[in-house]
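# Examining the three-dimensional arrangement
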Amino acid sequence: MNLDQLKANRSKRELKPLPISDKELCERFSQVFTAAVNDVLRENGLLHQVLPSNIMPLKDEMVLCGVAFTVKGSKNLTLESEMEQRAKMLEEIGDGSVVVWDTSEDDESAQWGEVMTMASKLRGCKGAVVDGGVRDTNKVLELEFPVFCKYRTSNGMLGRFRMIDWQIPVMIGQVFIYPGDIIFGDIDGVIVIPRDIAYDVLLRSEYIKENEKEIKQMVLDGLTPTEVVKKGGYF
């Protein structure tokens, strides 16, 4: 059995430089919308880039976009060095990142809360996506920090859940997420944009946003749906 290709697919990927800075890339993605990005990814044959539909923003108006900083964990009762491990992870979060938690489908604990928000925000983190829970919700909201999660709970991780590793490839739902991928979330959920095509996806998404203005104008002008389609529009 030759596992070299599988190992290569599951290993960390080199963070290749893009034609523009990560900061500009993410700022521009934030000005479009996830549906447009989804359509572009579909054009590229990528049909499974959206995280499960139950991962939603704490507030509908929240928008986040940043570079994936991945965390993997699972249910675990052990306590030794847990806080030290957590502190080390937080210290490695970089400016412009979005922390993405693969919780092995945990349904009990909060992997994110107020103090973690404060610590990561000070390091320039742009948001958190948690396939699990959040607590201290009122305090997190006061900090105006975008968080997308499955549920809210008062349960902390300690004694219930712990990290396995971070900055490794993870999987949430059907989506593989590699450190350095672009994470974009809005009211319609979270989409993962592979880094190596992120710039091209951005340009095409911006085009779609502008093109839809013309389509909307056709509708406002009274064209029938059939006429709109004949003119290159869509619904």
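First, a word on scope: everything that follows refers to the structure included in this document. Everything numeric here is computed off the predicted structure, so don't read it as measured data. (Residues numbered from 1 in each chain as written. Predicted model: local features only at pLDDT ≥ 70, side-chain atom pairs only at ≥ 80, totals over all residues. Heavy atoms only, no water.)

### Description of the packing of helix H2 (residues 22–29) against helix H7 (residues 198–220)
H7 packs onto H2 with a crossing angle of 30° between their chain directions and a minimal axis gap of 10 Å. The pairing of H2 with H7 is recorded here as roughly parallel in orientation. The element H2 and its partner H7 pack so that their crossing is left-handed. Contacts from Leu-25, Arg-28 and Phe-29 in H2 reach Ala-198, Tyr-199, Val-201, Leu-202, Leu-203, Ser-205 and Glu-206 in H7. (Axes fitted to C-alpha atoms, helices over the stretch in contact; angles between N-to-C directions. Helix = DSSP H or I, 4+ residues; strand = E, 2+ residues; numbered from the N terminus. Parallel < 35°, antiparallel > 145°, perpendicular 65-115°, else oblique. Left-handed = near helix turned anticlockwise from the far one by under 90°. Contact = heavy atoms within 4.5 Å.)

### Some words on the side chain of Thr-70
Mapping Thr-70 onto the fold places it in strand E2 (residues 64–75). Residue Thr-70 is classed as buried on the basis of its relative accessible area, which comes to 0%. Polar side-chain contacts of Thr-70 include one of 2.6 Å to the backbone oxygen of Ile-168. With residues near it in sequence (within four places) discarded, Thr-70 still touches Val-100, Trp-166, Gln-167, Ile-168, Val-170, Ile-177, Tyr-178 and Pro-179. (Buried < 20%, exposed > 50% of the residue type's maximum accessible area, 1.4 Å probe, protein only. Polar contact = N/O pair within 3.5 Å; in protein donor to acceptor, adjacent residues only side chain to side chain.)

### Observations concerning a nonpolar patch on the surface
A surface patch of nonpolar side chains, amounting to about 290 Å² of accessible area, comprises Leu-79, Met-83 and Leu-158. Within the element layout of this structure, Leu-158 appears in the loop between strand E6 (147–152) and strand E7 (161–166). Assessed through its relative accessible area of 44%, Leu-158 is described here as partly exposed. (Patch = residues over 30% accessible without salt bridge, like charges linked within 9 Å, V, L, I, M, F, W, Y side chains within 5 Å. Areas by Shrake-Rupley, 256 points an atom, 1.4 Å probe, with all protein chains shown as cover. Salt bridge = Lys/Arg side-chain N within 4 Å of Asp/Glu carboxyl O.)

### With respect to the packing of aromatic side chains
If you walk through the whole model with that rule in mind, you get 3 aromatic pairs. On the basis of an interplanar angle of 40° and a centroid distance of 6.1 Å, the ring pair of Phe-29 and Phe-184 is categorised as tilted. In this pair, Phe-29 sits in helix H2 while Phe-184 sits in strand E10 (residues 182–186), placing the two residues 155 residues apart along the sequence. Across the pair, Phe-184 and Phe-29 agree in class, each one buried. With 6.1 Å between their ring centres and 5° between their planes, Trp-112 and Phe-145 make a pair best called stacked. Separated by 33 residues along the polypeptide, Trp-112 in strand E4 (residues 110–112) and Phe-145 in the loop between helix H6 (137–142) and E6 bring together distant segments of the chain. For Trp-112, a relative accessible area of 1% translates into the label buried. (Phe/Tyr/Trp six-rings, centres within 6.5 Å; stacked < 30°, edge-to-face > 60°.)

### Description of the environment of Cys-26
Topologically, Cys-26 is positioned in helix H2. Look at Cys-26 and you get buried, because its relative accessible area is 8%. With 70 residues separating them in the primary sequence, Cys-26 and Gly-96 have C-alpha atoms 8.6 Å apart.

### Brief notes about the side chain of Thr-103
Within the secondary structure, Thr-103 is located in the loop between strand E3 (97–102) and E4. For Thr-103, a relative accessible area of 1% puts it in the buried group. From its side chain, Thr-103 meets the backbone oxygen of Asp-131 in a polar contact 2.4 Å long. Residues in contact with Thr-103, not counting those within four places in the same chain, are Gly-73, Ser-74, Gln-111, Val-130, Asp-131, Gly-132 and Phe-161.

### Side note on the packing of helix H3 (residues 34–43) against H7
The interhelical angle for the contact between H3 and H7, taken along N-to-C directions, is 120°, at an axis separation of 9 Å. Classified by the angle between their axes, H3 and H7 sit oblique to one another. Relative to H7, the crossing made by H3 is right-handed. Counting all contacts with H3, which are made through Ala-36, Val-37, Asp-39, Val-40, Leu-41 and Glu-43, the residues of H7 involved are Val-201, Arg-204, Ser-205 and Ile-208. Looking at the contact of H3 with H7 residue by residue, the classes come out as 6 nonpolar, 1 polar and 3 charged. (Nonpolar A, V, L, I, M, F, W, Y, C, P; charged D, E, K, R; others polar.)

### Considering the nonpolar core
Within the largest apolar cluster, 38 residues are counted, with the highest numbers of intra-cluster contacts made by Leu-51, Met-89, Trp-101, Trp-112, Val-129, Ile-177 and Ile-183. For Trp-101, the residues in contact, after removing those within four places along its chain, are Val-71, Met-89, Gln-111, Trp-112, Met-116, Val-129, Val-130, Asp-131, Met-157, Phe-161, Met-163 and Ile-172. Within the second largest apolar cluster, 20 residues are counted, among which are Leu-25, Val-32, Val-40 and Ala-198. (Core = buried A, V, L, I, M, F, W, Y, C linked by side-chain atoms within 4.5 Å.)

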